[in-house]
Amino acid sequence: MFDEDVLSIAQRASTGALPPGRTVDELVRLAHERYAGVDDGAVADYIPVLAEADPRRFGLAVVGVDGERHEAGDTDVAFSIQSISKAFVLALVCEELGHRAVRERVGVNNTGLPFNSVIALELNAGSPSNPMVNAGAIATTALLPAASAEERWERVRDGLSRFAGRDLELDETVYVSEAETNQRNRAIAKLLQSYDRLDVDPLETVDVYTRQCALAVTAHDLAVMGATLADGGTNPVTGEQVVSAEVCRDTLAVLASCGLYERSGDWLFEIGLPAKSGVSGGIVAVAPGKGALGAYSPRLDAAGNSVRGQRACAYLSRALGLNLFASSRWSASEQETPHV
Ligand SMILES: NC(=O)CC[C@H](N)C(=O)O
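Residues numbered from 1 in each chain as written. Predicted model: local features only at pLDDT ≥ 70, side-chain atom pairs only at ≥ 80, totals over all residues. Heavy atoms only, no water.

(A) Representation of the overall build of the chain within the structure. A tally of helices and strands in the chain yields 14 helices and nine strands. For 340 residues, the compact-globule formula gives about 20 Å, and the C-alpha radius of gyration of the chain, at 19 Å, lands near that figure. Overall size of the chain, expressed as C-alpha extent along the three principal axes, is 60 × 40 × 35 Å. Contacts in the chain between residues at least 24 apart in sequence constitute 69% of all its contacts with a sequence separation of at least 6. Element-wise, carbon and sulfur atoms account for 48% of the exposed surface of the chain, whose accessible area totals about 13200 Å². Side chains of the chain carry 30 positive and 46 negative charges; the gap between the two charge centres is 3 Å. (Helix = DSSP H or I, 4+ residues; strand = E, 2+ residues; numbered from the N terminus. Rg over C-alpha atoms; globule rule 2.2 N^0.38 Å. Contact = heavy atoms within 4.5 Å. Areas by Shrake-Rupley, 256 points an atom, 1.4 Å probe, with all protein chains shown as cover. Lys, Arg positive; Asp, Glu negative; His and termini not counted. Charge placed at Lys NZ, Arg CZ, Asp CG, Glu CD.)

(B) Representation of the nonpolar core within the structure. Of all hydrophobic cores here, the largest spans 49 residues; its most connected members are Ile-81, Phe-88, Leu-160, Phe-163, Leu-222 and Met-225. Those elements that place two or more of their residues in this core are strand E2 (59-64), helix H3 (84-97), helix H7 (149-164), helix H11 (219-230), helix H12 (245-258), strand E7 (282-287) and strand E8 (291-296). Counting residues per element, this core draws most heavily on H3, which supplies nine residues. Shared between two domains, this core takes at least three residues from each, and those domains are domain 1 (3-79 + 218-334) and domain 2 (84-213). Leaving out residues up to four positions away in the same chain, Leu-160 has contacts with Ile-81, Ser-85, Phe-88, Val-89, Leu-92, Leu-168, Leu-215 and Met-225. Listed in part, the 31 residues of the second largest apolar core include Leu-30, Val-62, Ala-72 and Leu-322. (Core = buried A, V, L, I, M, F, W, Y, C linked by side-chain atoms within 4.5 Å. Buried < 20%, exposed > 50% of the residue type's maximum accessible area, 1.4 Å probe, protein only. Domains from an automatic or database assignment.)

(C) Local environment of the UniProt feature "binding site: substrate" (unreviewed entry) in the chain. Under the UniProt annotation, "binding site: substrate" (unreviewed entry) lies at Ser-83, Asn-134, Glu-178, Asn-185, Tyr-209, Tyr-261 and Val-279. Its place among the elements puts Ser-83 in the loop between strand E4 (79-80) and H3. With a relative accessible area of 6%, Ser-83 lands in the buried category. Not counting chain neighbours up to four residues away, the residues in contact with Ser-83 comprise Asn-134, Tyr-261, Lys-276, Ser-277 and Gly-278. (UniProt positions renumbered as here; feature names shortened; annotations may be inferred.)

(D) Inspection of the packing of aromatic side chains at higher detail. Evaluation of the coordinates by the stated rule reveals five aromatic pairs. Aromatic side chains Phe-79 and Tyr-296 sit 4.0 Å apart centroid to centroid with 5 degrees between the ring planes, which places their arrangement in the stacked category. Separated by 217 residues along the polypeptide, Phe-79 in strand E4 and Tyr-296 in strand E8 bring together distant segments of the chain. Like Phe-79, the residue Tyr-296 is buried in the burial classification. Aromatic pair Phe-115 and Tyr-261: ring centres 5.1 Å apart, planes at 45 degrees, arrangement tilted. Of this pair, Phe-115 sits in the loop between helix H4 (99-105) and helix H5 (119-123) while Tyr-261 is found in the loop between H12 and helix H13 (264-270), placing the two residues 146 residues apart along the sequence. As far as the burial class goes, Phe-115 and Tyr-261 line up, both buried. (Phe/Tyr/Trp six-rings, centres within 6.5 Å; stacked < 30°, edge-to-face > 60°.)

(E) Seen up close, the packing of H3 against helix H6 (residues 134-143). Two elements in contact, H3 and H6, have axes separated by 9 Å at closest approach and are oriented at 40 degrees. Of the possible angle classes, the one that applies to H3 and H6 is oblique. You can see that H3 and H6 cross each other, and the crossing is left-handed. When H3 is examined against H6, the residues Lys-86, Val-89, Leu-90, Val-93 and Leu-97 are found in contact with a partner set consisting of Asn-134, Ala-137, Thr-140, Thr-141 and Leu-143. Among the residues forming the contact of H3 with H6, the class breakdown is six nonpolar, three polar and one charged. (Axes fitted to C-alpha atoms, helices over the stretch in contact; angles between N-to-C directions. Parallel < 35°, antiparallel > 145°, perpendicular 65-115°, else oblique. Left-handed = near helix turned anticlockwise from the far one by under 90°. Nonpolar A, V, L, I, M, F, W, Y, C, P; charged D, E, K, R; others polar.)

(F) How the structure looks around the environment of Glu-180. Mapped onto the elements of the fold, Glu-180 is located in the loop between helix H8 (172-179) and helix H9 (183-194). On the accessibility criterion, Glu-180 (57% relative accessible area) is exposed. For the pair Glu-180 and Phe-115, spaced 65 residues apart in sequence, the C-alpha separation works out to 19 Å.

(G) Quick peek at the domain arrangement of the chain. If you check the domain split of the chain, you get domain 1 (3-79 + 218-334) and domain 2 (84-213). When each unit is reduced to the centre of its C-alpha atoms, the spacing between domain 1 and domain 2 is 23 Å. The interface of domain 1 with domain 2 comprises 37 residues on the first partner and 32 residues on the second. Here domain 1 meets domain 2 over a buried area of about 2900 Å², counting both sides, of which 69% is carbon and sulfur. Our count for the contact surface shared by domain 1 and domain 2 stands at two salt bridges. Ionic pairing is found between Glu-240 and Arg-162, a salt bridge with its closest N-O pair at 3.3 Å. Inspection of the region where domain 1 meets domain 2 yields ten residue pairs in polar contact (both at pLDDT 80 or more). For the side of domain 1 that touches domain 2, the element with the highest residue contribution is H12, accounting for eight residues. (Buried area = accessible area lost by both parts, 1.4 Å probe. Salt bridge = Lys/Arg side-chain N within 4 Å of Asp/Glu carboxyl O. Polar contact = N/O pair within 3.5 Å; in protein donor to acceptor, adjacent residues only side chain to side chain.)

(H) Representation of the sheet that holds E8 within the structure. With antiparallel pairing, five strands are arranged side by side in an open sheet as E3-E2-E8-E7-E6. What marks the edges here is a single partner per strand, and that holds for strand E3 (69-73) and strand E6 (275-277). Neighbour to neighbour, the strand axes of the sheet diverge by 10 degrees on average, direction disregarded. Note that E6 and E7 share three bridges and pair antiparallel. Looking across to E7, one finds that Ser-277 is bridged to Ile-283. Here helix H2 (residues 21-35) sits on the sheet and contacts E2 and E3; the angle it forms with E3, its principal contact strand, is near 20 degrees. Here H11 sits on the sheet in contact with E2, E3, E7 and E8, set at roughly 155 degrees to E8. (Pairing = 2+ DSSP bridges.)

Structural data, given as structure tokens:
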């Protein structure tokens, strides 16, 4: 099938669901083919072991709320989830503490600054601003009720596993590499403590946060995890209700405003979906009521977002008619995929 054929089929599909399965298969394959040759960006190296990632890796997965999978490329290659874990830990904490507590104790506004900014805390009187930057993610992990750091870690691992529909394992090498070099996150946690923003031990909390970032996932896992948020909290593969529909709504609102850090505005303008990226090269983008996209490609832009992942999501958001703000599908005048 040519690009134009699949696009016209996608354009005729109803707007409340993904297009027919074969069309989605074809569009995912085309997206992979279009961006597999893009070599812009650089693999993250501030966590030493991430620099060893193979920059040629590229996987794209779509999972619908019907549980159907549509995939191309390296969708079974494992990588550490990194910041994408923040989205799902936020959901677990929202489920426990509710809408209001998260807004009051962490916040839901973009900092406009990089994910590991220290000055963002100082500029906001010690408020971590939102759960998608490191300060806010550490504060969010600390809110998960548990009697000890070990129990908190087990709750994170168990919760994220239920989103993925399988037991997620810690990548020990990534954990050790980050634990040896995460002085900045430890400083951020201490600063939070100095502002009376942490009720539990800062260094133990950073350790749980470092572990959560080192959970190994695949692009397919990300799509299932995102599809659970798209499906009102029910994992469409296992059928388990992981969190409530209200929690999904709240989590997705934060992903829309803060999921791609200081580039969240560019992302929303071009792609129009709540999403979360991570420095190992993963992206999850969620189309509420329809499904989710999981992408993996390690080369990143300056903000730490996968370059191929962003371009493929831009293409698929338009081709599959997923942009939340669009009243009609991709128009003829917009054949060029936006530059993200
Ligand atoms: N943007 C990211 O993925 C950052 C996560 C990483 N573990 C960190 O704390 O720096």
